[in-house]
Amino acid sequence: MLRFFFWSLLALNAFLLAFNLGYLGHWSLDTHEPERLKKQHHADQLKLMSATDAVTPSEPVAEKKAELIACLEVGNFQQTEIARIEERLKTLALGDRQSRINIVDVATHMVFIPSQGSKEGADKKAGELRRLGINDFYIVQDQSSLRWGISLGVFKTEEAAKLHLNNLSNKGVRSARIGPRSISTSKFAYQLRALSADEKSKYDAIKASFPAQENRNCQLTAYSRN
């Protein structure tokens with residue numbers, strides 16, 4: 001019996017040795033990687049891909065919305081200018097995005113042309129100013145010494161008044177001068193809200209006709225309609 005086990009164990013070891021050395025062929029269904037590649041079609045055309053080679057699905061790029069100008073204010077206009085500026089602003093068709101506000105303007109320096117003695121004289125001088133391309137003025141009609149004179153602007157500082165006088169002189173106005181005048185006048189400004197780039201471009205063309213007026217930023221809640 002011991003002899004039987006001895007020879008059986010010896011035969012089993014011989015069988016395992018022959019199998020490991022490959023004398024009995026490859027019986028396992030789980031082939032090694034080199035052997036598996038040899039059996040694949042066009043294996044020579046395969047290549048490894050890195051993470052950077054992976055194709056990611058394209059995502060739709062959100063179109064960048066054009067930036068809007070939240071609130072732009074222009075002023076300050078005198079009563080006599082309202083009809084002209086509002087007629088021009090109508091072309092923008094802003095509707096509720098446009099409003100007019102009252103401005104109390106306190107000035108201490110006035111650029112003016114002295115009294116022309118009568119309404120006819122003042123009207124004649126006004127016509128001369130318009131021919132020079134100057135429209136930002138008004139004829140003084142109160143009972144002061146400036147009655148039938150022409151105001152070309154009132155300013156808080158003398159420096160600003162001198163600058164305006166120099167600009168008028170360059171345009172050909174020779175009779176204007178600066179005088180002290182402490183007054184409080186009611187003027188008007190316009191607030192334009194949520195302007196697109198196209199609307200801003202059209203507004204700039206309108207603003208060019210009113211060089212004496214200034215653009216400034218404004219708060220959306222700081223307006224009152226008239």
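Shown above is the structure to which this text applies.
As a starting point, this report considers the structure included with it.

Next up on the list: the overall build of the protein chain. A count of helical and extended segments in the protein chain gives 6 helices and 6 strands. Traced from its N-terminal end to its C-terminal end, the protein chain shows the element sequence α-α-β-α-β-α-β-β-α-β-α-β. In the protein chain, which comprises 226 residues, the share counted as buried stands at 30%. Total accessible area computed for the protein chain in this model is approximately 16,300 Å², and 57% of it derives from carbon and sulfur atoms.

A few words now on the pattern of salt bridges. As a working rule, side chains carrying opposite charge can pair if their charged atoms are close by. This structure, assessed with the given rule, holds 10 salt bridges. Arg216 is the partner of Glu214 in a salt bridge, and the nearest nitrogen-oxygen pair spans 2.8 Å. Among the residues examined, Glu214 registers a relative accessible area of 46% and is labelled partly exposed. Where salt bridges share partners, they join Glu73, Glu214 and Arg216 into one cluster.

A regular strand carries its side chains on alternate faces of the sheet. Burial analysis of strand S4 (residues 150-155) places 6 of its 6 residues in the buried class, the great majority of the element. In this sheet, S4 lies alongside strand S3 (residues 138-139) in antiparallel orientation, the contact comprising 2 bridges. By the bridge assignment for S4, Ile139 is matched with Ile150.

Position of Lys119 relative to the elements: it lies in helix H4 (residues 119-131). The spatial distance from the C-alpha of Lys119 to the C-alpha of Gln141 is 8.5 Å, given a sequence separation of 22 residues.

For the rest of this paragraph, the subject is the environment of Ala93. Topologically, Ala93 is positioned in the loop between helix H3 (82-89) and strand S2 (98-113). The exposure class of Ala93 is exposed, given its relative accessible area of 59%. Along the sequence, Ala93 and Glu199 sit 106 residues apart, while their C-alpha atoms lie 9.4 Å from each other.

Taken N-terminus to C-terminus, the directions of H3 and helix H6 (residues 197-207) make an angle of 155°; their axes are 10 Å apart at the nearest point. Taken together, the axes of H3 and H6 are roughly antiparallel relative to one another. Here the hand of the crossing between H3 and H6 comes out right-handed. Counting all contacts with H3, which are made through Ile85, Arg88 and Leu89, the residues of H6 involved are Tyr203, Ala205 and Ile206.

To continue, consider the packing of aromatic side chains. Counting across every chain of the model gives 2 aromatic pairs. Summarising the aromatic geometry, the rings of Phe77 and Tyr190 are spaced 5.7 Å apart at their centres and angled 70° between planes, so their arrangement reads as edge-to-face. One end of the pair, Phe77, is in strand S1 (residues 69-77); the other, Tyr190, is in strand S5 (residues 177-195), and 113 residues separate them in sequence. Judged by relative accessible area, Tyr190 falls into the buried class, the value being 1%. Summarising the aromatic geometry, the rings of Phe77 and Phe210 are spaced 5.6 Å apart at their centres and angled 80° between planes, so their arrangement reads as edge-to-face. A residue pair is termed long-range when its members are at least 10 positions apart, and Phe77 in strand S1 and Phe210 in the loop between H6 and strand S6 (214-217) qualify at 133 residues. One exposure class covers both Phe77 and Phe210, and it is buried. Through successive ring pairs, a cluster of aromatic residues spans Phe77, Tyr190 and Phe210. A cation over a ring is seen here: Arg100 above Phe188, with NZ or CZ 5.0 Å from the ring centre.

Enumeration according to the criterion identifies 1 disulfide in this entry. With its sulfur 2.0 Å from that of its partner, Cys71 forms a disulfide with Cys218. Residues Cys71 and Cys218 share a disulfide whose torsion about the S-S bond is about -95°; that sign makes it left-handed. Of this pair, Cys71 sits in strand S1 while Cys218 sits in the segment after S6; the two residues are 147 residues apart in sequence, bridging distant segments of the chain. For the pair Cys71 and Cys218, a shared accessibility class is recorded, and that class is buried.

Conventions adopted
Residues numbered from 1 in each chain as written. Predicted model: local features only at pLDDT ≥ 70, side-chain atom pairs only at ≥ 80, totals over all residues. Heavy atoms only, no water. Helix = DSSP H or I, 4+ residues; strand = E, 2+ residues; numbered from the N terminus. Buried < 20%, exposed > 50% of the residue type's maximum accessible area, 1.4 Å probe, protein only. Areas by Shrake-Rupley, 256 points an atom, 1.4 Å probe, with all protein chains shown as cover. Salt bridge = Lys/Arg side-chain N within 4 Å of Asp/Glu carboxyl O. Pairing = 2+ DSSP bridges. Axes fitted to C-alpha atoms, helices over the stretch in contact; angles between N-to-C directions. Parallel < 35°, antiparallel > 145°, perpendicular 65-115°, else oblique. Left-handed = near helix turned anticlockwise from the far one by under 90°. Contact = heavy atoms within 4.5 Å. Phe/Tyr/Trp six-rings, centres within 6.5 Å; stacked < 30°, edge-to-face > 60°. Lys NZ or Arg CZ within 6 Å of the ring centre and 35° of its normal. Disulfide = S-S within 2.5 Å.

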